[in-house]
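A closer look at the structure
Each chain, written out:
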Amino acid sequence: MKLAFETWGRLAPDRSNAVLVLHALTGDSHLAGPAGPGHPTPGWWDALVGPGRALDTDRWFVVAPNVLGGCQGSTGPASPRPDGRRWAGAFPRLTQRDQVLAETGLADALGIEQWALVIGGSMGGMRALEWAVSRPRRVAALLVLACPAAASAEQIAWASAQVHAIRTDPHWRDGDYHGAGPGRGPHAGLGVARRIAHITYRGTQELETRFGHHPQDGEEPRRGGRYRVESYLDHQAAKLVRRFDAGSYVALAEAMNAHDIGRDRGGTRAALGRVRARTVVAGVDSDRLYPLAQQEELAAGIPGADGVRVIGSPYGHDGFLIETGQVAALVRELLGDVRDKAALPLG
Ligand SMILES: CC(C)(COP(=O)(O)OP(=O)(O)OC[C@H]1O[C@@H](n2cnc3c(N)ncnc32)[C@H](O)[C@@H]1OP(=O)(O)O)[C@@H](O)C(=O)NCCC(=O)NCCS
Ligand SMILES: CC(=O)OCC[C@H](N)C(=O)O
C-alpha cells in the first residue's frame, strides 16, 4: 500500500509543529505551490500555505497526503496489485477508518506522535473527524469544514446517482477498463457524475447570477445549442475527466456514503464526546449539500468546540475551498491557541 504526500516547512526537533491537511473528493496532495510537471494547476489551498500565511511554513510543518483510494499517487483502483495486475473492480470497499489507518502509518513513519492541528473540509472533514474521534490523543487541535457526522439520505442519494452514471457507462466493464486503451474508459459516465456533483457544490443564487436563462455565446438552445450553465457544466465535466480516475471516484463516493462517525461507537453523540482537541467547526451559509445544521450537530457534540462558525459565501459547498480569507482566520485562531498552550499530554 502506498500513500503519496507532500510537505512544506520543517519538522521541529521535538516534532510538535506538524499540521495535517486532508483534501476533499477530487483534491490531492498538492495543497500549495505552483503548477508544474505532474501538477497541471497550482495548489488548491495555495493562499493558506507559505511564509507569513495562516499555515506559516517558517513555523509549521505541513503534511498533505493523497487519500487512500485516490488516483494521485496513493493506492487506488488504478494501482497495480502485488501480482502486477491492476486492482480495478477488485479494489476493496473503503471507509474513512481504513483511510485514517493509512494516514496513521504516514504519521508514524514521519515520527509525528501528535498533530498540532488536523484540518479537513468535506470528504477531508470526514477523515479529520475520524482522526480526532479514533485517535484523540494524537490531535491537539481540529478544524472541520462543511462536513456531517454521518452521510444523510440525500447525500447518499446524490452520490449514488453519480456512481450509477459511471457504472452504467458501457466502458465501465465492472471497473476493469484501465487496460482498454486511450479514450476507452467510462469518461461519459464520469462526466455525468461531475455535472450532478458540481450542481450540488455551488450556490443556487450564484448559478442564477452567473448564468441565468442565457444561451451560451453563439448558441441557440431552441436549435440544439446550449444554455450558458450547460456549457459551464460541460466544461467542469471535461476538466475532471482529464484529471481523475472513474474507479477512484466510485471508491471515494462509496466511502463517503459509508461515513458515520458513530457506527459501532454508541452513536454520534458518544463518538463526538471522545474528541479531546480544541475544535473549530465551520460551515458555509449557502451550502446545500452539507447544510449548516450538520455542522451545528458536530459543534454541539464535540466537547472542545465553541459553537459553529459560519463562512459567508455565495459559492455553496465549494465556499470552503474558495473563501480562503475566512478559512485562514479560523486556522490562525486555532494555531494561535496551540502556540499559547502546552500540547495535550500523550498517552
Ligand atoms: C476551487 C474550485 C472549487 C474552484 O472551482 P472553478 O471550477 O475554478 O470555479 P468556477 O466555477 O469559477 O469555474 C471556472 C471555470 O469555468 C469556466 N466557465 C465559466 N463559464 C463558462 C461557460 N459558460 N462555459 C464554459 N466554461 C465556463 C471558466 O472558463 C473556468 O475555466 P477554467 O477552470 O478552465 O479556467 C475547484 O477548483 C475545485 O473543486 N477544487 C478542489 C479540487 C482540487 O483540489 N483540484 C485540484 C486540481 S484543480
Ligand atoms: C464531497 C466533497 O468532497 O466535495 C468537494 C468538492 C470539490 N469541488 C472537489 O471537487 O473536491
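- With an unreviewed UniProt entry as reference, the chain is termed Homoserine O-acetyltransferase, source organism Streptomyces xanthophaeus.
- Note on the chain: under the UniProt heading Catalytic activity (unreviewed entry), the record states "L-homoserine + acetyl-CoA = O-acetyl-L-homoserine + CoA".
- Looking at the Function (unreviewed entry) heading of the UniProt record, one finds this comment for the chain: "Transfers an acetyl group from acetyl-CoA to L-homoserine, forming acetyl-L-homoserine."

1. Remarks on the packing of aromatic side chains
- For the structure shown, the criterion picks out six aromatic pairs.
- Ring plane angle 90° and centroid distance 6.1 Å describe the contact between Trp 115 and Trp 131, whose orientation is recorded as edge-to-face. You can see Trp 115 sitting in the loop between helix 1 (96-110) and strand 4 (117-121) and its partner Trp 131 sitting in helix 2 (residues 123-134), a full 16 residues away along the chain. Comparing Trp 115 with Trp 131 shows no difference in burial state: the two are buried.
- Consider the rings of Phe 244 and Tyr 249, whose centres lie 6.3 Å apart with planes at 90°: the pair is edge-to-face.
- Assessed through its relative accessible area of 8%, Phe 244 is described here as buried.
- For the cation-ring pair, Arg 135 lies above Trp 131, with the distance from its terminal atom to the ring centre recorded as 5.9 Å.

2. A few points about the nonpolar core
- With 60 residues, the main nonpolar core has Trp 115, Leu 142 and Tyr 249 as its most contacted residues.
- Not counting chain neighbours up to four residues away, the residues in contact with Trp 115 comprise Ala 18, Val 19, Leu 20, Val 63, Ala 107, Trp 131, Arg 138, Val 139, Ala 140 and Ala 141.
- Ranked by size, the runner-up nonpolar core spans 32 residues in total, among them Ala 24, Leu 48, Val 62 and Phe 320.

3. As for the environment of Val 280
- Within the fold, Val 280 resides in strand 6 (residues 278-284).
- With relative accessibility at 4%, the residue Val 280 sits in the buried group.
- The spatial distance from the C-alpha of Val 280 to the C-alpha of Leu 330 is 7.4 Å, given a sequence separation of 50 residues.
- Other than its neighbours up to four places away in sequence, Val 280 contacts Leu 142, Leu 143, Val 144, Arg 309, Leu 330, Glu 333 and Leu 334.

4. Describing helix 4 (residues 187-201)
- The end-to-end C-alpha separation of helix 4 is 20 Å, in line with the 21 Å expected for 15 residues at 1.5 Å each.
- Here helix 4 has its buried residues at Gly 189, Leu 190, Gly 191, Ala 193, Arg 194, Ile 196, Ala 197, His 198, Thr 200 and Tyr 201.
- Looking at the buried positions of helix 4, the neighbouring elements they touch are helix 3 (153-167), helix 6 (228-243) and helix 7 (246-258).

5. Observations concerning the packing of helix 5 (residues 204-211) against helix 6
- Between helix 5 and helix 6, whose axes approach to 9 Å, the crossing angle comes to 110°. The angle between the axes of helix 5 and helix 6 places the two elements in the roughly perpendicular class. Handedness of the crossing formed by helix 5 with helix 6: right-handed. The residues of helix 6 that touch helix 5, namely those facing Leu 207, Arg 210 and Phe 211, are Arg 228, Val 229 and Tyr 232.
- Looking at the contact of helix 5 with helix 6, its residues break down into four nonpolar, no polar and two charged.

Analysis parameters
- Residues numbered from 1 in each chain as written.
- Chains lettered and ligands numbered in written order.
- Predicted model: local features only at pLDDT ≥ 70, side-chain atom pairs only at ≥ 80, totals over all residues.
- Heavy atoms only, no water.
- UniProt positions renumbered as here; feature names shortened; annotations may be inferred.
- Phe/Tyr/Trp six-rings, centres within 6.5 Å; stacked < 30°, edge-to-face > 60°.
- Helix = DSSP H or I, 4+ residues; strand = E, 2+ residues; numbered from the N terminus.
- Buried < 20%, exposed > 50% of the residue type's maximum accessible area, 1.4 Å probe, protein only.
- Lys NZ or Arg CZ within 6 Å of the ring centre and 35° of its normal.
- Core = buried A, V, L, I, M, F, W, Y, C linked by side-chain atoms within 4.5 Å.
- Contact = heavy atoms within 4.5 Å.
- Expected span 1.5 Å × (residues − 1).
- Axes fitted to C-alpha atoms, helices over the stretch in contact; angles between N-to-C directions.
- Parallel < 35°, antiparallel > 145°, perpendicular 65-115°, else oblique.
- Left-handed = near helix turned anticlockwise from the far one by under 90°.
- Nonpolar A, V, L, I, M, F, W, Y, C, P; charged D, E, K, R; others polar.

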